[in-house]
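Secondary and tertiary structure notes
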Amino acid sequence: MESKPSKPSMTCLADFEDHAYQILPRNALDYYRSGADHMQTLKDNRRAYQRYRISPKMLVDVSKRDLSTRIMGKRVEFPIGIAPTAMQRMAHPDGECASARAAQELGTIFIMSTLSTSSIEEVAQAAPQATKWFQLYIYKDREVTKKLVLRAEKAGFKALVLTVDAPYFGRRLADVRNQFELPSHLRMANFVGLGDLETKAGQSGGGSGINNYVASLFDQSLSWQDVAWLKSFSQLPIILKGILRADDALTGIQYGASAIIVSNHGARQLDGVLATIDVLSSIKEAVGDRCELYLDGGVTQGTDVLKALALGAKMVFLGRPVIWGLAHSGQSGVEQTLRLIKGELDSAMALSGCTTLKSVYQDLVICPKSLM
Ligand SMILES: Cc1cc2nc3c(=O)[nH]c(=O)nc-3n(C[C@H](O)[C@H](O)[C@H](O)COP(=O)(O)O)c2cc1C
């Protein structure tokens, strides 16, 4: 008798999340999954997608489909990339190097966090062909900040993603309760030998180690002038991450931003802000084609991606889902995660009459009054 092929154990991104909840140590799990304060926005980032419904087109020949696009002038195989998340080696010993390799393998973008547990140079070496962008936090010590940027440029990173929503960190209650610290076998790899910049996240001081780190080292005076400052010494295009208003998006363009990521930092900063999918179309309306718009926050399935594309995003990024894939099986887990959601997007396109990303129009998605 022929034996049945074994069942696929991971059928959607939620399966990876469930698995991660079972295997990650409590401190790390809480750090990854938490939102700020009472986590109203965390819930809303996901729930908001249910308020939008798809209005599919019929009798379109969908036998050939193409999910590729061009982002900042470069081909990307499908419009789903990896958002910057800090301290990935808590999820898997290969950390950021594994995520970057997965992006390289699948032909998408990897954004590396300033607060990584692998260094810029390690990631560049691990995934030399990946399209890599460097997420930047601005430190009070501007020389330190400038050196980071120049290192990223030298290592082949293609853009700076300036996070504008975090001059200060939101309060994640679980981290305070757990007295969260970076485990002692890990390091803030971009700051080795730089005293507090390397070590302070490993000292909870009775609260959250990461919040203490940020409060003492990040520059809270961050302003629009700093976009101009970055442009004064770096050739890299600047992408603003964390914009939630149309007027800020327009100001960003005036200051020379090449693209914008509509983001609320995975609901980890100001609790009570709108879900990112809810602000996307007003920002798209304001900026039009003047710059590329991307989105992150709460994207967990292919139909979420389709909705974001229809409402104006050219690309979406995944934060936590990549961590859950990483926790499952390193590079392979991240690849499986990306392949799953790419497949879901492909299926959603086939069933809604879309053969290319250009054929995903705004009228594909509606927000019925009964669901508001
Ligand atoms: C554990 C964790 C760490 C993060 N670290 C950073 C970071 O270092 N820099 C940054 O700009 N955003 C950071 N973010 C925000 C993500 O880039 C992204 O905006 C968010 O995770 C998207 O939401 P999602 O997790 O629902 O996909 C982090 C998010 C999480 C969950």
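Only a predicted model underlies this, so the values are computations on that prediction, with no experimental measurement involved.

By secondary structure assignment, the location of T85 is in the loop between β4 (80–82) and α4 (95–106). A distance of 2.9 Å separates polar atoms of two side chains, one belonging to T85 and the other to Q88. Not counting chain neighbours up to four residues away, the residues in contact with T85 comprise S113, G319 and I323.

The subject of this paragraph is the pairing of strand β9 (residues 259–262). On a regular strand, each side chain points to the face opposite its neighbour's, so the side chains alternate between the two faces of the sheet. The two faces of β9 match: A259 and I261 on one face and I260 and V262 on the other face are all buried. One ladder, built from 4 bridges, connects strand β8 (residues 238–243) with β9; its direction is parallel. Among the inter-strand pairings, L240 is bridged to a residue of β9, identified as I260. Note on the crossover from β8 through helix α11 (residues 246–254) to β9: the handedness is right-handed. Crossover handedness for the path β9 to helix α12 (residues 276–287) to strand β10 (residues 292–296): right-handed.

What follows concerns the nonpolar core. In terms of nonpolar packing, the biggest core is built from 107 residues, with L115, Y139, Y213 and L295 touching the most fellow members. Setting aside residues up to four positions removed in sequence, L115 forms contacts with A86, M87, Y137, Y139, F169, M188, I210, Y213 and F218. Grouped together as the second largest cluster of nonpolar side chains are 14 residues, I71, I111, W133 and I261 included.

Residues in contact with the ligand amount to 22 residues; listed here are only the nearest, P84, S113, Y137, T163 and D296. Measuring from an oxygen atom of the ligand, one finds a backbone N or O atom of P84 at 2.7 Å. The separation between a nitrogen atom of the ligand and a polar side-chain atom of Y137 is 2.8 Å. When the ligand sits alone it has 600 Å² of accessible area, and the protein chains cover 97% of it. Listed by contribution, the elements that provide at least two residues to the shell around the ligand are α2 (26–33) and α14 (320–352).

Quick look at the UniProt feature "binding site: glyoxylate" (unreviewed entry) in the chain now. Sites flagged by UniProt as "binding site: glyoxylate" (unreviewed entry) map to Y31, Y137, R172, S263, H265 and R268. Lining residues of the largest cavity, restricted to the annotated ones just named, are Y137. Mapped onto the secondary structure, Y31 falls in helix α2. On the basis of relative accessibility, which here comes to 5%, the residue Y31 falls in the buried class. In this structure, Y31 is in contact with A86, M87, M90, R172, D175, F180, I210 and R268, ignoring residues within four places of it in sequence. As for its position among the elements, R172 is in the loop between β7 (160–163) and α7 (173–178). Those residues in contact with R172, other than ones at most four positions away along the chain, are Y31, S34, G35, A36, H265, R268 and Q269.

What follows covers the pattern of salt bridges. Per the counting criterion, the structure on display carries 16 salt bridges. In this structure, R151 engages E121 in a salt bridge whose closest nitrogen and oxygen atoms are separated by 2.9 Å. In this pair, R151 is assigned in helix α6 (residues 142–154) and E121 in helix α5 (residues 120–126), connecting sequence segments 30 residues apart. Among the residues examined, E121 registers a relative accessible area of 36% and is labelled partly exposed. Among the salt bridges present, the one from E292 reaches K314, with a minimum N-O distance of 3.2 Å. Taken as a pair, E292 in strand β10 and K314 in the loop between α13 (302–310) and β11 (315–318) lie far apart in primary sequence, 22 residues in all. For K314, a relative accessible area of 31% gives the class partly exposed. Because the salt bridges share partners, they merge into one network encompassing R26, D30 and R33.

A few words now on empty space enclosed by the protein. Scanning the entire structure with this criterion turns up 1 cavity of 30 Å³ or more. The calculated volume of the largest cavity comes to roughly 30 Å³. Surrounding the largest cavity, Y137, I138, T163, A166, P167, F218, D219 and L222 form its lining. Looking at the lining of the largest cavity, its residues break down into 6 nonpolar, 1 polar and 1 charged.

We now examine the packing of aromatic side chains. A complete count under the given rule lists 17 aromatic pairs for this structure. With a centroid separation of 4.8 Å and 10° between ring planes, the pair formed by Y31 and F180 is classed as stacked. Here the residue Y31 occupies a position in helix α2, and F180 occupies one in the loop between α7 and α8 (196–199), the gap between them amounting to 149 residues. Note on F180: relative accessible area 1%, which makes it buried. Ring centres of W133 and Y294 lie 5.9 Å apart, and the angle between their planes is 35°; on these two criteria the pair is classed as tilted.

The next thing to look at is the state of the cysteines. By definition, a disulfide links the sulfur atoms of two cysteine residues through a covalent bond. For the coordinates displayed, the defined rule picks out 0 disulfides. C354 takes part in no disulfide bond, and the closest cysteine sulfur to it belongs to C367, at a distance of 19 Å.

Another point: the packing of α13 against α14. Packing of α13 against α14 leaves a shortest axis separation of 7 Å and a crossing angle of 60°. As for how α13 packs across α14, the hand of that crossing is right-handed. Seen from α13, the contacting residues are G302, T303, V305, L306 and L309; seen from α14, they are I341, E344, L345, A348, M349 and S352. For the contact of α13 with α14, the per-class residue count stands at 7 nonpolar, 3 polar and 1 charged.

Basis of the calculations
Residues numbered from 1 in each chain as written. Predicted model: local features only at pLDDT ≥ 70, side-chain atom pairs only at ≥ 80, totals over all residues. Heavy atoms only, no water. Helix = DSSP H or I, 4+ residues; strand = E, 2+ residues; numbered from the N terminus. Polar contact = N/O pair within 3.5 Å; in protein donor to acceptor, adjacent residues only side chain to side chain. Contact = heavy atoms within 4.5 Å. Buried < 20%, exposed > 50% of the residue type's maximum accessible area, 1.4 Å probe, protein only. Pairing = 2+ DSSP bridges. Right-handed = clockwise from strand over helix to strand, strands pointing away. Core = buried A, V, L, I, M, F, W, Y, C linked by side-chain atoms within 4.5 Å. Near = heavy atom within 4 Å. Areas by Shrake-Rupley, 256 points an atom, 1.4 Å probe, with all protein chains shown as cover. UniProt positions renumbered as here; feature names shortened; annotations may be inferred. 1 Å grid on protein atoms, 1.4 Å probe; cavity = no way out; pocket = protein on both sides within 12 Å on 5 of 7 lines; lining within 4 Å. Salt bridge = Lys/Arg side-chain N within 4 Å of Asp/Glu carboxyl O. Points joined across faces, edges and corners; volume = space filled by probe spheres on them. Nonpolar A, V, L, I, M, F, W, Y, C, P; charged D, E, K, R; others polar. Phe/Tyr/Trp six-rings, centres within 6.5 Å; stacked < 30°, edge-to-face > 60°. Disulfide = S-S within 2.5 Å. Axes fitted to C-alpha atoms, helices over the stretch in contact; angles between N-to-C directions. Left-handed = near helix turned anticlockwise from the far one by under 90°.

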